[in-house]
Amino acid sequence: MASSPTLVIGTRGSPLALAQAHETQDRLVAAHGSTGAGWTVEHLPLSIIKTTGDAIQDRPLSEAGGKGLFTKELDIALLEGSIDLAVHSAKDLPTALPEGIAIAGFLPREDVRDAFISHRFRSLDDLPRGAVVGSASLRRQAQVRRLRPDLQVTLLRGNVQTRLAKLERGEVDATLLAMAGLRRLGLTGHVTTVLETDDFLPAVGQGAIAVAIRAEDERVRQALAPILDGPTGQALAAERAFLTILDGSCRTPIAGHARLIGPELEIRGLVLRPDGSESLEAVRRGAPEDAAALGREAGAELRARMPADFLKA
Ligand SMILES: NCc1[nH]cc(CCC(=O)O)c1CC(=O)O
């Protein structure tokens, strides 16, 4: 691959995706000054790429083909050389990447928690019986039903702004969104209450920005090294190993979160029935160097404990 004089950043076109791409651009400029090794940073171009996932608005993505829908076109652009790095929400990245694509690492993680948002009610507990909570995430739907089996849970799709607008119009009484996205968009003013991870476990990768590159591209790998965050990488190694064990074998909602506690890494993982009536949790703690093994162990424990109907045929 001929080295180009600049680094082209590929991104989806949603406001959140653009905010994440700009954050990556800003961090590169801050780390390297005005010129990097063999490339210029003043005009690191953003290449906006429309993905299949963005085009589908009327059904849950779990039905339409899953997370790869948000990354396929960016992967192709990387492999064709029209972009040099692709910026993704780690949460939306599939566990298995296509041949030739690698994750260089992750930017420092934002708030991992989910936010409860409602114009009329103060918290999930405060919602009256039968109130309507909208979410497109099977994980959020199941955890809401676990805490409040008496609520009505409906599908609410679209990007962050679209969902807030639907809430505003009264289509639902409440919704849940990631704090990370709201912060990056400057929309935390909408947050009613923040859900602590003890009560409501985030998605694997939530709050982290992943940077994907061509697996063999050492030039881009080196340019990115100073902006990538080690602790986030360790947490994500545990979470993604956990998810890798489960997403191929189980067909129920999955949540997982790893963090450093002093010198140790802890991962908590959860699988639930979609109706929230049953859930299983696993916790592992150990050396951060063993992140992937800790994640795999937590995943294997849940797989072993799961009732048969949680598993894929
Ligand atoms: N699936 C959409 C998506 N992908 C990443 C984020 C937020 C940012 C993050 O979780 O890192 C969101 C919106 C949301 O879940 O509220």
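Residues numbered from 1 in each chain as written. Predicted model: local features only at pLDDT ≥ 70, side-chain atom pairs only at ≥ 80, totals over all residues. Heavy atoms only, no water.

Concerning the pairing of strand S5 (residues 85-89)
Of all five residues that make up S5, five are buried, and the element is covered over most of its length. Burial along S5 is two-sided: the face carrying Leu85, Val87 and Ser89 and the face carrying Ala86 and His88 are both buried. As paired elements, strand S1 (residues 9-11) and S5 share two bridges and run parallel to each other. Bridging across to S5, Ile9 finds its partner in Leu85. Here S5 runs beside strand S12 (residues 209-214); their pairing, made up of four bridges, is antiparallel. Residue Ser89 lies in a different strand from S12, and its bridge partner there is Ile209. (Buried < 20%, exposed > 50% of the residue type's maximum accessible area, 1.4 Å probe, protein only. Helix = DSSP H or I, 4+ residues; strand = E, 2+ residues; numbered from the N terminus. Pairing = 2+ DSSP bridges.)

Some thoughts on the site of the ligand
Neighbouring the ligand are 13 residues; Lys91, Asp92, Arg140, Ala178 and Gly207 lie closest to it. In this structure, an oxygen atom belonging to the ligand sits 2.8 Å away from a main-chain N or O atom of Ala178. Within the contact set of the ligand, an oxygen atom lies 2.8 Å away from a backbone nitrogen or oxygen of Gly207. If the ligand stood free it would expose 390 Å²; the protein chains cover 88% of that surface. Elements supplying a minimum of two residues to the shell around the ligand: strand S10 (174-178) and helix H7 (179-184). Among the elements that take part in the shell around the ligand, H7 stands out by supplying three residues, more than any other. (Near = heavy atom within 4 Å. Polar contact = N/O pair within 3.5 Å; in protein donor to acceptor, adjacent residues only side chain to side chain. Areas by Shrake-Rupley, 256 points an atom, 1.4 Å probe, with all protein chains shown as cover.)

Examining the domain arrangement of the protein chain
On domain assignment, one finds that the protein chain holds domain 1 (9-107 + 208-228), domain 2 (114-195) and domain 3 (239-308). Here domain 2 and domain 3 have C-alpha centroids that lie 25 Å from each other. Between domain 2 and domain 3, the residue contacts involve six residues of the former and ten residues of the latter. Looking at the side of domain 2 facing domain 3, the largest losses of area belong to Arg139, Ala142 and Arg146, adding up to 65% of the total buried there. Linking domain 2 with domain 3 are zero salt bridges. Taken together, the links from domain 2 to domain 3 amount to two residue pairs in polar contact (both at pLDDT 80 or more). Residues that form the side of domain 2 that touches domain 3 fall into these classes: two nonpolar, one polar and three charged. (Domains from an automatic or database assignment. Contact = heavy atoms within 4.5 Å. Buried area = accessible area lost by both parts, 1.4 Å probe. Salt bridge = Lys/Arg side-chain N within 4 Å of Asp/Glu carboxyl O. Nonpolar A, V, L, I, M, F, W, Y, C, P; charged D, E, K, R; others polar.)

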